[in-house]
Amino acid sequence: MARFTARFVFSVIASGAAALAQPASAQSFATNDSTIRRIYDEGMNRSETYSLAQALADSIGPRLTGSPGIRRGQDWLISEYSKWGISAHNDKYGTWKGWNRGASHLDLLEPRVRTLESTMLAWSPGTNGRPVTGAVIAIPDVADSGAFRAWLPQVRGKVVLTSFAEPTCRPDSTWARYGTPESVTSMRESRTAARAAWAKRVANSGYTDRTLPIALENAGALGVLTSYWSQGYGVDKIFRARTTRVPTYDVSCEDYGLLARFAANNQHPVVRMQAESRDLGDVPVFNTIAEIKGTEKPNEYVMLSAHFDSWDASSGATDNGSGTVTMLEAMRILKKLYPHPKRTILVGHWSGEEEGLVGSGAFAADHPEIVNNLQALFNQDNGTGRIVNIAMGGLVGAGARFGDYFTKLPAEFLSEMHFGFPGQPGGGGSDYASFLCHGAPGFNLGSLDWEYFAYTWHTNRDTFDKIVFDDLKRNATMTAMLAYLASEDPVKMSREQRINIQAGRSATPSQWPTCGVIPRSWADWTR
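Here the structure is a predicted model, which is why all the values come from computation and not from measurement. (Residues numbered from 1 in each chain as written. Predicted model: local features only at pLDDT ≥ 70, side-chain atom pairs only at ≥ 80, totals over all residues. Heavy atoms only, no water.)

## Quick notes on the environment of serine 124
- You can see serine 124 is positioned in the loop between strand S3 (118–120) and strand S4 (132–138).
- By relative accessible area, serine 124 is classed as buried at 1%.
- C-alpha of serine 124 to C-alpha of alanine 411: the two residues are 287 residues apart in sequence and 49 Å apart in space.
- If near-sequence neighbours (up to four positions away) are discounted, serine 124 is found in contact with Trp99, Ala241, Val246, Pro247, Thr248 and Ser277.
- A distance of 3.0 Å separates a polar atom in the side chain of serine 124 from the backbone nitrogen of threonine 248. (Helix = DSSP H or I, 4+ residues; strand = E, 2+ residues; numbered from the N terminus. Buried < 20%, exposed > 50% of the residue type's maximum accessible area, 1.4 Å probe, protein only. Contact = heavy atoms within 4.5 Å. Polar contact = N/O pair within 3.5 Å; in protein donor to acceptor, adjacent residues only side chain to side chain.)

## Examining the pairing of strand S13 (residues 374–379)
- With six of six residues buried, S13 lies mostly within the body of the structure.
- Here five bridges tie strand S11 (residues 297–307) to S13, and the two strands are oriented parallel to one another. Within S13, the position partnered with leucine 304 by the bridge is phenylalanine 378.
- As judged from the three bridges shared by S13 and strand S16 (residues 442–447), these two strands associate in the parallel manner. In the strand pairing of S16, phenylalanine 378 is matched with phenylalanine 443. (Pairing = 2+ DSSP bridges.)

## Quick word on unusual backbone geometry
- Following glutamate 110, the chain continues to proline 111 via a peptide bond in cis, the omega torsion being 5°.
- Along the chain, proline 111 turns up in the loop between strand S1 (87–110) and strand S2 (114–115).
- Located in the positive-phi region is histidine 268, a residue other than glycine, with phi close to 55°.
- Here histidine 268 shows up in the loop between helix H9 (253–264) and strand S10 (270–292).
- Here histidine 268 falls in the exposed class, since its relative accessible area comes to 58%.

## With respect to the state of the cysteines
- For the structure shown, the criterion picks out two disulfides.
- Note that cysteine 169 is cross-linked by a disulfide to cysteine 253, the S-S spacing being 2.1 Å. Across the S-S bond of cysteine 169 and cysteine 253 the torsion is about -85°, and the bridge reads as left-handed. On the criterion of sequence distance, the pair formed by cysteine 169 in the loop between strand S5 (158–161) and helix H6 (172–178) and cysteine 253 in helix H9 is long-range, its members being 84 residues apart. Here the two residues cysteine 169 and cysteine 253 agree in accessibility, since each one is buried.
- Paired by a disulfide, cysteine 437 and cysteine 515 hold their sulfur atoms 2.0 Å apart. Judged by the torsion about the S-S bond (105°), the cysteine 437/cysteine 515 disulfide is right-handed. With cysteine 437 in the loop between helix H14 (433–436) and S16 and cysteine 515 in the loop between helix H16 (469–488) and helix H17 (522–526), this residue pair connects regions lying 78 residues apart in the sequence.
- The exposure class assigned to cysteine 437 is buried, which follows from its relative accessible area of 15%.
- The connectivity of the disulfides in the protein is 1-2, 3-4, where the numbers refer to bonded cysteines in sequence order. (Disulfide = S-S within 2.5 Å.)

This is the structure we're talking about:
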């Protein structure tokens, strides 16, 4: 996430900004609000984030949209809310391809034996319960698409490498730390040239990364092997398969390189694949919505937001189990200490975020009565780190409200905080954008990185052990405080939009982002 600074400060937020600039020592509990103090005590001293996260990440595990895993997780959410006396339900928004992952193996048999580190991609076919053995080849370096079509029959009965093989699986940061300037420069130049050559090889085939696996499958390939290194030790990005009849695996950077070198040196690699998966056909898909009903203004809303779905190569602990637990714990605290809010407090646990904000976009489209009466939405979705930046999303009046809210928060929550006044309206990236495109006040709570994009975002290493619980309980506590303050706020959040939106002096002004058409089915999404 970008790090925002208060470059554009309007006079309406001057008093709030001045308060935020006070040293921490002068601010510790600058409010006499007993509810804020009790929220702090509950969230920081009696946090349930550990037990919630352990149940979610370890026991429920990955939550791919359309899978039994996400339905099991949604049932768990409703059960947890019920224990706290909070009403919750699953809100259907469409159908999706149902798919259930089973065990998968990829073993090197020749020229030596090794079990390869690999992951079958989401929605991949399996091997129909039997092992499948085949020689491994790479797509060739040919002059044009005609030559590639002439080569295609050679894939019959083979397993095909379709990705660039990294020459080194050490992170660049390690090279910079230990390598000589000459060796680092040489490595980077040779790698750049090799990547360009591979990209040309794919382009000359006449296919793209998306269409090539289908062509190989249609030509009789037994399977497709890919590798999407995430620039860290032992970590790959894991997304979806494009094949519909044969399995697709992502192979770790190190083991993919091994196979590619064998193939390039005519050392005749042979692998055995065995993969279990079940295509469940079209299944209904849901968002999970929980509610604490308002008393004075029940038809105005404060909303907490985090996507619940994940890619399924690991347990989805920081993308977005940590955001999910933040909102769960915030709702637990609020129900215990603020059970009769002025405005209705909702939480949205979204499905389909990884497929393009599908669940939250559908909810916003289906519930204009909520969108039109939204006081504020607080979304968290970039890892386990403590919240350190909030942009106002191009809403020029929002800074005044946040200035007021943050003068009431404990000093320890302010020391690292950066604000974007008035900021830019996000057109995507996470679920707050599904509301902001309607002009509703949706705000993203941006977290410290903790090497999120290299090591846990969409990777095979996004596991429970990566959660930082000191940061997580702080985030839940802060979110509960913000929800309380927004609910009690006597002032309605302004929806006045920044005009002449541009990122820099030379940039062309752009328009406020529009809300796209939401795919309500797998067929719509893949069309």
